[in-house]
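Per-entry structural report
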Amino acid sequence: AVGPKLFQYVIKVIVQAIQLLYTMLTIDQPSYILLQNPPGLPSIAVAWVACLFWRSKLIIDWHNYGYTVMSLSHGRNHPLVQIAKWYEKLFGRLSDYNLCVTNAMKEDLWVNCNIKAATLYDKPASYFKETPLELQHHLFMKLAKDYEPFKARYVSNAERTAFTEMDEKNGHVIKTRGRPALLISSTSWTEDEDFSVLLKALEAYEQYVNEGVKLPSLVCVITGKGPLKDYYNGLINKLHFKHVQICTPWLEAEDYPLLLGSADLGVCLHKSSSGLDLPMKVVDMFGCCLPVCAIYFECLHELVKHNENGLIFRDSNELAEQLKMLFLEFPTLEGKLHNFRRNLRVSKQLRWDESWDQTVLPLLEQK
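All values reported here derive from a predicted model rather than from experimental measurement. (Residues numbered from 1 in each chain as written. Predicted model: local features only at pLDDT ≥ 70, side-chain atom pairs only at ≥ 80, totals over all residues. Heavy atoms only, no water.)

1. Brief notes about the pairing of strand S1 (residues 32–37)
- Side chains of S1 alternate between two faces, with Ile-33, Leu-35 and Asn-37 buried and Tyr-32, Leu-34 and Gln-36 left unburied.
- Crossover S1 to strand S2 (residues 57–62) through helix H2 (residues 43–54) is right-handed. (Buried < 20%, exposed > 50% of the residue type's maximum accessible area, 1.4 Å probe, protein only. Helix = DSSP H or I, 4+ residues; strand = E, 2+ residues; numbered from the N terminus. Right-handed = clockwise from strand over helix to strand, strands pointing away.)

Below, the structure written as structure tokens:
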């Protein structure tokens, strides 16, 4: 960390470019180089140079625009952001094939960058699925060792968590009577997700319960790690709820899909920096047949179908009303929450490998 930040950034890009190019020129000759963007600076240019050396084809998988992500920290008019925008458009045109994650991005690439792309929607991996009750109990017992919200509400001889217990007579796992609802959200704790929206909604939820609305206690789990985690943990620690518990664990990789498959509702606060990409966390939640409340942005309707597989909200007040409506008389098997889950079960979504075979292979064969 020597010199002005701009100088540091330029040096960082140069060093990364040299390291990446050296690595790519020492691998076995590839037929294709598949590059996800962002990050694209310097990887798009480096991958293009490597393709020239190897006489390979370059495929760019456009998940978003790197310059719009940079603009969250620097502002859209910052010189670095403008350079990154020019760079992405210039080198993006040098690819042989292009994939993107929404039809909105496909249109934007063509209109503004003269890049022709095929839409390849993100799909969940096969291990994102509903979690059997026995596995739920095992996971909750594991989490209860470290996180208070998962511990049983009262001590008994039975093997018990806040959500499940093992029947002493036959060894079967059952759901605990009067269990809390399990709400889950995942994040990388960055500027494109404002978790104060969820915290305000939970404050309103607490108020609903205090006013006598028949709502369950709520356990809100926010997973992930990132630069703003300490900031939001500070806000969470200032809240004093009686009916809502919040914890922010870092889960082992194999536990994350199990927790999604055990939850009652997912919440997504991702706001696309470009308005053209879709949140992968919702894709994974849908793979687990987990209904979602997601904050609105322009192309979200390509994934979340309002009143069909979840709900779309615009602010904390609307989210609070949705939580009240979905959890009223919980855990009844009637109502919208159950209908959303049933719709996700019968939708029979494509998995990643099936989607690849249908979209990408014909594109390559056609050329």
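2. Remarks on the environment of Arg-342
- Summarising the element assignment, Arg-342 is placed in helix H12 (residues 336–347).
- In sequence terms Arg-342 and Asn-317 are 25 residues apart; their C-alpha atoms lie 27 Å from each other.

3. Things to note about helix H11 (residues 316–327)
- Here H11 spans 16 Å end to end across 12 residues, near enough to the 16 Å set by a 1.5 Å rise per residue.
- With a side-chain oxygen positioned 3.2 Å from the backbone nitrogen of Asn-317, the residue opening H11 is Asp-315.
- Where H11 terminates, the next one or two residues include Glu-329, which has phi positive at roughly 65 degrees. (Expected span 1.5 Å × (residues − 1). Polar contact = N/O pair within 3.5 Å; in protein donor to acceptor, adjacent residues only side chain to side chain.)

4. Focus on the UniProt feature "domain: Glycosyl transferase family" (unreviewed entry) in the protein chain
- Mapped onto this numbering, the UniProt entry annotates "domain: Glycosyl transferase family" (unreviewed entry) at residues 178–326.
- Taken end to end, residues 178–326 has its terminal C-alpha atoms 16 Å apart, with 33% of it in helix and 19% in strand. (UniProt positions renumbered as here; feature names shortened; annotations may be inferred.)

5. Things to note about the sheet that holds strand S8 (residues 218–223)
- In spatial order, the strands read S9-S8-S7-S10-S11-S12; together these 6 strands make up an open sheet with parallel pairing. The sheet terminates laterally at strand S9 (244–247) and strand S12 (310–313), the two strands that pair on one side only. Taken pair by pair, the neighbouring strands of this sheet meet at an average axis angle of 20 degrees, ignoring direction.
- Both S8 and S9 contribute to a ladder of 4 bridges, which runs parallel. Of the residues in S9, the one forming a bridge with Leu-218 is Val-244. (Pairing = 2+ DSSP bridges. Axes fitted to C-alpha atoms, helices over the stretch in contact; angles between N-to-C directions.)

6. A word on the packing of aromatic side chains
- For the coordinates displayed, the defined rule picks out 17 aromatic pairs.
- Measuring from ring centre to ring centre gives 5.8 Å for Phe-150 and Phe-163, while their planes differ by 55 degrees; the resulting arrangement is tilted. With Phe-150 in the loop between helix H6 (133–144) and strand S5 (164–166) and Phe-163 in the loop between H6 and S5, this residue pair connects regions lying 13 residues apart in the sequence. For the pair Phe-150 and Phe-163, a shared accessibility class is recorded, and that class is buried.
- Their ring planes at 75 degrees and their centres at 5.0 Å tell us that Tyr-231 and Tyr-232 sit as a pair that is edge-to-face.
- Tyr-232 gets classed as buried once you look at its relative accessible area, which sits at 6%.
- Taken together through their ring pairs, the aromatic side chains of Trp-189, Phe-195, Tyr-231 and Tyr-232 make up a single cluster.
- If you follow Lys-324 out to its NZ or CZ, it ends over the ring of Tyr-208, 4.4 Å from the centre. (Phe/Tyr/Trp six-rings, centres within 6.5 Å; stacked < 30°, edge-to-face > 60°. Lys NZ or Arg CZ within 6 Å of the ring centre and 35° of its normal.)

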